[in-house]
Amino acid sequence: GDYNQPLYHFLERLSYCEQLADSTCISAASNNSGLVLINLGRYEDAIDYTLKSLKIDEALGYQLGILSSQMSLGNINYYLKNYDKAINYYLDIVATCESMGNQELRISYAYNNIASIYFEQRKFEKATEFYKKSLEQGIGQSGQGRGLLP
């Protein structure tokens, strides 16, 4: 699809939020801009906007925003083949989720993404380990696969 128009609107929204000095709004607009930039394949730009959102959400203590940014940063680094960084972001998701409780589905996604990296690296034993962890976390959960790598 054409992602340039949504990007324009999110950047316009970001400018408005910055004028208001509204941290929550700035974080949301930055995160949304980062997501659109991922879809445009502009990963380096996406990292900048997503890190901006992450820093704000960390300062605000907004756990769901932190998780969203961590997943995006993990996925971006996967696409860039920065596998160690990607794995670290996915493990950060696990740690954040464990501190929150009741986040099995998100943990399952993170483990699945780690398994995908190991599979791509042909480290099949590690891939199997993390696919099993993903399955264990996801049993009884439902979702549309949001955050899963292709």
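Here is a short report on the structure shown in this document. Since we're looking at a predicted model, the values are computed, not measured.

Here's the deal with the environment of Lys133
Okay, so step 1: With respect to the helices and strands, Lys133 occurs in helix α7 (residues 124–138).
Okay, so step 2: Residue class for Lys133 comes out partly exposed when judged on its relative accessible area of 28%.
Okay, so step 3: The sequence separation of Lys133 and Asn112 amounts to 21 residues, and the corresponding C-alpha distance is 7.9 Å.

Considering the packing of aromatic side chains
Okay, so step 1: Counted under the stated rule, the structure contains six aromatic pairs.
Okay, so step 2: Ring geometry for Tyr78 against Tyr83: centres 5.9 Å apart, planes inclined by 55°, an arrangement best described as tilted. Grouping residues by exposure puts Tyr78 and Tyr83 together as buried.
Okay, so step 3: An angle of 55° between the planes, with centres 5.7 Å apart, marks the rings of Tyr111 and Phe130 as tilted. Of this pair, Tyr111 sits in helix α6 (residues 104–120) while Phe130 sits in helix α7, and the two are 19 residues apart along the sequence.

Observations regarding the nonpolar core
Okay, so step 1: Ranked by internal contacts, the top residues of the largest apolar core, which has 20 residues, are Tyr90, Ile93, Ile114 and Ile117.
Okay, so step 2: Where this core is concerned, the elements lending two or more residues are α4 (63–79), α5 (83–100), α6 and α7.
Okay, so step 3: Among the elements that make up this core, the one with the highest residue count is α6 (eight residues).
Okay, so step 4: The residues contacting Ile93, other than those within four sequence positions of it, are Leu67, Gln70, Met71, Arg106 and Ala110.
Okay, so step 5: Core analysis: the next-biggest nonpolar cluster, separate from the first, contains eleven residues, Val36, Leu37, Ile66 and Tyr89 among them.

Cut-offs used in this document
- Residues numbered from 1 in each chain as written.
- Predicted model: local features only at pLDDT ≥ 70, side-chain atom pairs only at ≥ 80, totals over all residues.
- Heavy atoms only, no water.
- Helix = DSSP H or I, 4+ residues; strand = E, 2+ residues; numbered from the N terminus.
- Buried < 20%, exposed > 50% of the residue type's maximum accessible area, 1.4 Å probe, protein only.
- Phe/Tyr/Trp six-rings, centres within 6.5 Å; stacked < 30°, edge-to-face > 60°.
- Core = buried A, V, L, I, M, F, W, Y, C linked by side-chain atoms within 4.5 Å.
- Contact = heavy atoms within 4.5 Å.

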